[in-house]
Amino acid sequence: ATNTLTVTTTGTSGYSLSAYETGILTHTGIAGTTIANYTDGGAATYAAPTVWTATCGADANKCGFGYNTNDADVTQFQADEYAPFSQTAPGDEVAKSTTPQFTNDVTTITYRSSVSVTQKAGPYTTTVIYIVTPQF
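From a predicted model like this one, the values you see are computed outputs, not experimental measurements.

Focus: the sheet that holds strand E8 (residues 92–97)
- Strand order in this open sheet of three strands is E8-E2-E11, and the pairing throughout is antiparallel. Every other strand in the sheet has two partners, leaving E8 and strand E11 (128–134) as the edge strands with one partner each. Each adjacent strand pair in this sheet contributes to an overall mean axis angle of 20 degrees, direction not counted.
- Pairing geometry for strand E2 (residues 15–21) and E11, over seven bridges, is antiparallel.

Quick word on the pattern of salt bridges
- Summed over all chains, the structure comprises two salt bridges.
- The partner of aspartate 40 in a salt bridge is lysine 62, and the shortest N-O contact between them spans 3.0 Å. A residue pair is termed long-range when its members are at least 10 positions apart, and aspartate 40 in the loop between strand E4 (34–35) and strand E5 (50–51) and lysine 62 in the loop between E5 and strand E6 (64–69) qualify at 22 residues. Taken as a pair, aspartate 40 and lysine 62 share a single burial class, namely buried.

What about the state of the cysteines?
- On inspection of all chains with the given rule, the structure shows one disulfide.
- Each sulfur of the disulfide joining cysteine 56 and cysteine 63 lies 1.7 Å from the other. Taking the sign of the S-S torsion, about 75 degrees here, the bridge from cysteine 56 to cysteine 63 comes out right-handed.
- Classification of cysteine 63 as partly exposed rests on a relative accessible area of 23%.

Concerning the side chain of aspartate 40
- Given a relative accessible area of 14%, aspartate 40 falls into the buried group.
- In this structure aspartate 40 touches Thr50, Val51, Asn61 and Lys62, once residues within four positions along its chain are discounted.

Quick word on the sheet that holds E4
- The three strands lie next to each other as E4-E3-E10, forming an open sheet whose pairing is antiparallel. At either margin of the open sheet sits one strand with a lone partner, and together these are E4 and strand E10 (124–125).
- Two strands pair when backbone bridges link them, and strand E3 (residues 25–27) and E4 are joined in this way by two bridges, in the antiparallel orientation. When the bridges of E4 are listed, threonine 26 appears paired with threonine 34.

Concerning the packing of aromatic side chains
- On inspection of all chains with the given rule, the structure shows eight aromatic pairs.
- Both rings, one in tyrosine 38 and one in tryptophan 52, keep their centres 3.9 Å apart while their planes meet at 0 degrees; by these two values the pair is stacked. Of this pair, tyrosine 38 sits in the loop between E4 and E5 while tryptophan 52 sits in the loop between E5 and E6, and the two are 14 residues apart along the sequence.
- Three or more aromatic residues joined by ring pairs make a cluster, and in this case those are Tyr46, Phe65, Tyr67, Phe77, Phe85 and Tyr111.

Definitions and limits used
- Residues numbered from 1 in each chain as written.
- Predicted model: local features only at pLDDT ≥ 70, side-chain atom pairs only at ≥ 80, totals over all residues.
- Heavy atoms only, no water.
- Pairing = 2+ DSSP bridges.
- Helix = DSSP H or I, 4+ residues; strand = E, 2+ residues; numbered from the N terminus.
- Axes fitted to C-alpha atoms, helices over the stretch in contact; angles between N-to-C directions.
- Salt bridge = Lys/Arg side-chain N within 4 Å of Asp/Glu carboxyl O.
- Buried < 20%, exposed > 50% of the residue type's maximum accessible area, 1.4 Å probe, protein only.
- Disulfide = S-S within 2.5 Å.
- Contact = heavy atoms within 4.5 Å.
- Phe/Tyr/Trp six-rings, centres within 6.5 Å; stacked < 30°, edge-to-face > 60°.

Encoded structure:
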């Protein structure tokens, strides 16, 4: 799944857009059933996202829930590289610009999840909060 985020700001030094999740993905009908955040065996972080093209069944380290940003100013993310969401406000910067008074800066956040065949089927939910801060 993806979200397309569009920012317009009158900030004289651009903006920063951060994101965090309020908790891990949780099954809506089975208490205590969750999907952990993607960590690639501890290697994937916001500062160092990792390539995630394999599925959980093919590589046990490729399980969980993570995201990618296509914002060119957040340079550590490349195509097919994912990181876990922060769970602490204000989160990690997923888009930014230093251009003053920016209009319609578009960023796509791509969500990905992959689970083992033993994961309970059904709907899972979490809340991702995005915060835009103009820079002056």
